[in-house]
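Given next are the chains, with one letter for each unit.
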Amino acid sequence: EDGTTVEVANVGSEGFADTASLLSIDASPYRIEAQTEVIAFRIGIKDLRQAFRERAGLRDLLLRFAGVVLTCTGRSVACKVTHTVEQRLAKWLLMARDRIAGDELPFTQERLSEMLGVRRPTVTEAAEALKGRGLIDYHRGKIVITDRRGLEAASCEDYDAFRHEYERLLGPV
């Protein structure tokens, strides 16, 4: 009600939004937006559901992605209350990096604060800590991962769990 934005899911080329559309839900309760330049395909709900019913291979793929979303969403809720902002920022940057497939990420600290559900100064503090350890570098609107392995070590265990779930159900990230 107060306009606070918090990320619910992070979808890349391996998935689709909104998985609820497969469950006979015609209107998403979420705002869906691209955070970077993307090429996306759009399909009407009726056409999606028809293809879902008629094409076993597509149905299997969509259901596996929905399984990833369900598993990771539940774990994300726990992550938000049990891990530090620094760990969550490291995890988020790694997840975004996996979706974008590059070490240069076009995100502002303001945007990261929305994704993590914290105030901007809190993101600044966490980003400074990661930068001070040589894991990332950043300048206005751009974050560069400079030490991926170090960032993985700084992340909470949820990054490995999410990555494993994606690979288990969808193949290599």
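As the structure is a prediction and not an experimental result, all values here were calculated from the model.

*Asks:* Could you give an account of the environment of Arg31, naming the residues involved and the relevant values?
*Replies:* Position of Arg31 among the secondary structure elements: in the segment before helix 1 (45-54). With relative accessibility at 59%, the residue Arg31 sits in the exposed group. A C-alpha to C-alpha distance of 9.7 Å links Arg31 and Glu7, two positions 24 residues apart in sequence.

*Asks:* Describe in detail the pattern of salt bridges, supporting the description with residues and values.
*Replies:* Applying the stated criterion across every chain, the model contains eleven salt bridges. Notably, a salt bridge pairs Asp158 with Arg75, separated by 2.2 Å at the nearest N-O pair. With a gap of 83 residues between them, Asp158 in helix 7 (residues 158-170) and Arg75 in helix 2 (residues 56-82) connect regions that are remote in the sequence. Across the pair Arg148 and Glu152 runs a salt bridge whose closest N-O atoms are separated by 2.9 Å.

*Asks:* Please set out the side chain of Ser76 residue by residue, giving values where relevant.
*Replies:* You can see Ser76 is positioned in helix 2. For Ser76, the contacting residues outside a window of four places in its chain are Lys91 and Phe162.

*Asks:* I'd like a rundown of the sheet that holds strand 1 (residues 104-105), residues and numbers included.
*Replies:* Strands sit in the order 1-3-2 across an open sheet of three strands; the sheet is antiparallel. Single-partner strands in this sheet number two, and they are strand 1 and strand 2 (136-139).

*Asks:* Which residues make up the pairing of strand 3 (residues 142-145), and what values go with them?
*Replies:* Burial along strand 3 is one-sided: the residues Ile143 and Ile145 are buried and none of Lys142 and Val144 is. The pairing of strand 1 with strand 3 spans two bridges and is antiparallel. From the neighbouring strand, Glu104 faces strand 3, where its bridge partner is Val144. Bridge count for strand 2 against strand 3 is four bridges, and the pairing is antiparallel. The residue bridging Tyr138 from the neighbouring strand is Ile143, located in strand 3. Once strand 2 ends, the chain turns through two residues before running back antiparallel as strand 3, passing Gly141 with a positive phi of about 75°.

*Asks:* Explain the packing of aromatic side chains to me, and be specific about the residues and the numbers.
*Replies:* With the rule as written, the count across this model stands at one aromatic pair. Measuring from centroid to centroid gives 4.9 Å for Trp92 and Phe107, while their planes differ by 80°, and the two rings are edge-to-face. Note that Trp92 is positioned in helix 3 (residues 85-100) and Phe107 in the loop between strand 1 and helix 4 (109-116), a separation of 15 residues in sequence. Per residue, the accessibility class of Trp92 equals that of Phe107, and both read buried. Against the face of Tyr166 rests Arg99, its NZ or CZ located 4.3 Å from the ring centre. The ring of Tyr138 carries the charged tip of Lys131 above its face, separated from the ring centre by 4.8 Å.

What counts and how
Residues numbered from 1 in each chain as written. Predicted model: local features only at pLDDT ≥ 70, side-chain atom pairs only at ≥ 80, totals over all residues. Heavy atoms only, no water. Helix = DSSP H or I, 4+ residues; strand = E, 2+ residues; numbered from the N terminus. Buried < 20%, exposed > 50% of the residue type's maximum accessible area, 1.4 Å probe, protein only. Salt bridge = Lys/Arg side-chain N within 4 Å of Asp/Glu carboxyl O. Contact = heavy atoms within 4.5 Å. Pairing = 2+ DSSP bridges. Phe/Tyr/Trp six-rings, centres within 6.5 Å; stacked < 30°, edge-to-face > 60°. Lys NZ or Arg CZ within 6 Å of the ring centre and 35° of its normal.

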